[in-house]
Amino acid sequence: MSGANATDSGRREPLTPPPDAGRPVRHPDAPAPGELLGAHYDQCFGCGDGQSHGLHLAARAGEGVTVTAEFTVRPAHQGAPGLAHGGVLVSALDETLGSLNWLLRVIAVTGRLETDFVRPVPVGATLHLTARCTGVAGRKIYGSAEGRIGGPDGPVAVRADALFIEVDLGHFTRNGRPDEIEAALADPDQLKVARAFEVNP
Ligand SMILES: CCCCC/C=C\C/C=C\C/C=C\C/C=C\CCCC(=O)SCCNC(=O)CCNC(=O)[C@H](O)C(C)(C)COP(=O)(O)OP(=O)(O)OC[C@H]1O[C@@H](n2cnc3c(N)ncnc32)[C@H](O)[C@@H]1OP(=O)(O)O
């Protein structure tokens, strides 16, 4: 069964790249620094326009294998009154870190993600996120991210380290909904299709 070894053993994979990990290589066709990445799927909770309560997170390519992103906390994202739910903040970190894979042109899913919640994030606040890929070892892609409030140079409110695992398109066709995958493949926005499904040739 997919992933059974890592999860069933209770082993906790380190989230820092091993010494023999390669440096992340930005794909030659990656969007230029400053360019918005756009949503990879319009029903994505993190970035899709089709999810009314979603994060509508907008990620932008940075230099190398880095991205920046912004997410404004709305009332639908509350945990405690007036404050963002921690799980929603994790989603914002996950989405931002996942965007790094588009710069590598690799399809990957989150295997582990560890988060520090440093400051409460009020409703109405904009979380200014940055993420960078810290290494690649085989199918494992390592990344770190942080989110600041009050401006891009404001205090850190959340930070995370994550390990993504490269998968092929079959991961989604086997485990997801084939009809929706077909519909996504038929999207006239072929850039979005490529973003969701293209594997590094
Ligand atoms: C219309 C649909 C469109 C869909 C398109 C979607 C995405 C397209 C891609 C890019 C889009 C751009 C941006 C994405 C934006 C947002 C990001 C959100 C990302 C997510 O939110 S995504 C959802 C949550 N995510 C999951 O739903 C994963 C569930 N899970 C599994 O599906 C399996 O578990 C899997 C595949 C992870 C591994 O399974 P597997 O069988 O392929 O791999 P295997 O077990 O052989 O492990 C190989 C090596 O990885 C290590 N390893 C494995 N699993 C690990 C773990 N969990 N932690 C630490 N290390 C792990 C092993 O220890 C071994 O390491 P070693 O080689 O050293 O022994």
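Once a new chain begins, its residue numbering starts again from 1 and follows that chain's sequence as written. Given that the model is predicted, a residue must reach a pLDDT of at least 70 before its local features are reported, and side-chain atom pairs must reach 80 or more before they are shown or counted; all residues, however, enter totals for whole chains, interfaces and linings.

The name recorded for the chain in an unreviewed UniProt entry is Acyl-coenzyme A thioesterase THEM4, from Streptantibioticus cattleyicolor. UniProt positions are given in the numbering used here, feature names are shortened, and annotations may be inferred rather than shown by experiment. The record held by UniProt for the chain lists under Sequence similarities (unreviewed entry) the comment "Belongs to the THEM4/THEM5 thioesterase family."

Draft legend 1. Local environment of the overall build of the chain. In this text, helices come from DSSP runs of H or I with a minimum length of four residues, and strands from runs of E with a minimum of two, each type numbered from the N-terminal end. Summing up its helical and strand segments, the chain has five helices and six strands in all. In the chain, which comprises 201 residues, the proportion classed as buried is 30%. Using C-beta atoms placed from the backbone, we call a residue buried if 20 or more other C-beta atoms fall within 10 Å of its own, exposed if 12 or fewer do, and partly exposed for counts in between.

Draft legend 2. Representation of the sheet that holds strand β5 (residues 140-149) in the model. In this description, strands pair whenever DSSP reports at least two bridges between them. With antiparallel pairing, six strands are arranged side by side in an open sheet as β1-β2-β4-β5-β6-β3. Here the strands that pair on one side only, and so sit at the sheet edges, are β1 (58-61) and β3 (108-117). Strand-to-strand twist of the sheet, defined as the mean angle between neighbouring strand axes without regard to direction, takes the value 20°. Throughout, an axis means a line fitted to C-alpha atoms (over the contacting stretch in the case of helices), and angles, computed between N-to-C directions, take values from 0 to 180 degrees.

Draft legend 3. Geometry of the pairing of strand β4 (residues 126-137). Direction of pairing for strand β2 (residues 66-72) relative to β4: antiparallel, over a ladder of seven bridges. For Thr68, the partnering residue across the bridge sits in β4 and is Thr130. Relative to β5, β4 is paired through ten bridges, and the arrangement is antiparallel. Note on β5: the bridge partner recorded for Gly135 is Tyr142. Hairpin connection of β4 to β5: two residues between the antiparallel strands, including Gly138 at a positive phi of 60°.

Draft legend 4. Quick peek at the confidence of the model for the chain. Scored by pLDDT, the chain comes out at a mean of 91, with 89% of its residues at no less than 70. You can read pLDDT as the predictor saying how much it trusts each residue, on a scale of 0 to 100. Here contacts are defined at the residue level, using C-beta atoms placed from the backbone and a cut-off of 7 Å between them. Taken together, the stretch residues 1-5 has pLDDT below 50 and engages in zero contacts with residues farther than four places along the chain or on a different chain. Interface confidence for the predicted complex, expressed as ipTM, amounts to 0.91; the pTM equals 0.91.

Draft legend 5. Structural context of the nonpolar core. Core analysis: the biggest nonpolar cluster contains 43 residues, and Ala92, Leu93, Leu100, Leu127, Leu129 and Ile141 have the highest contact counts within it. Going through the elements one at a time, β1, β2, α2 (86-104), β4, β5 and β6 (156-166) are the ones with two or more residues in this core. The element that contributes the greatest number of residues to this core is α2, accounting for nine residues. By definition, a nonpolar core groups buried Ala, Val, Leu, Ile, Met, Phe, Trp, Tyr and Cys residues that are joined through C-beta atoms within 7 Å.

Draft legend 6. Spatial organisation of the pairing of β6. With nine bridges connecting them, β3 and β6 associate as antiparallel partners. Its bridge partner being in β6, Asp116 is matched across the sheet by Arg159. Here nine bridges tie β5 to β6, and the two strands are oriented antiparallel to one another. What sits directly across from Tyr142, in β6, is Leu163.

Draft legend 7. Molecular detail of the UniProt feature "domain: Thioesterase" (unreviewed entry) in the chain. When the UniProt feature table is mapped onto this chain, "domain: Thioesterase" (unreviewed entry) is found at residues 82-148. In residues 82-148, helix accounts for 28% and strand for 46%; the two terminal C-alpha atoms are 18 Å from one another.

Draft legend 8. Examining the environment of Pro28 more closely. By secondary structure assignment, the location of Pro28 is in the loop between α1 (4-8) and β1. With 75 residues separating them along the chain, Pro28 and Leu103 place their C-alpha atoms 8.8 Å apart.

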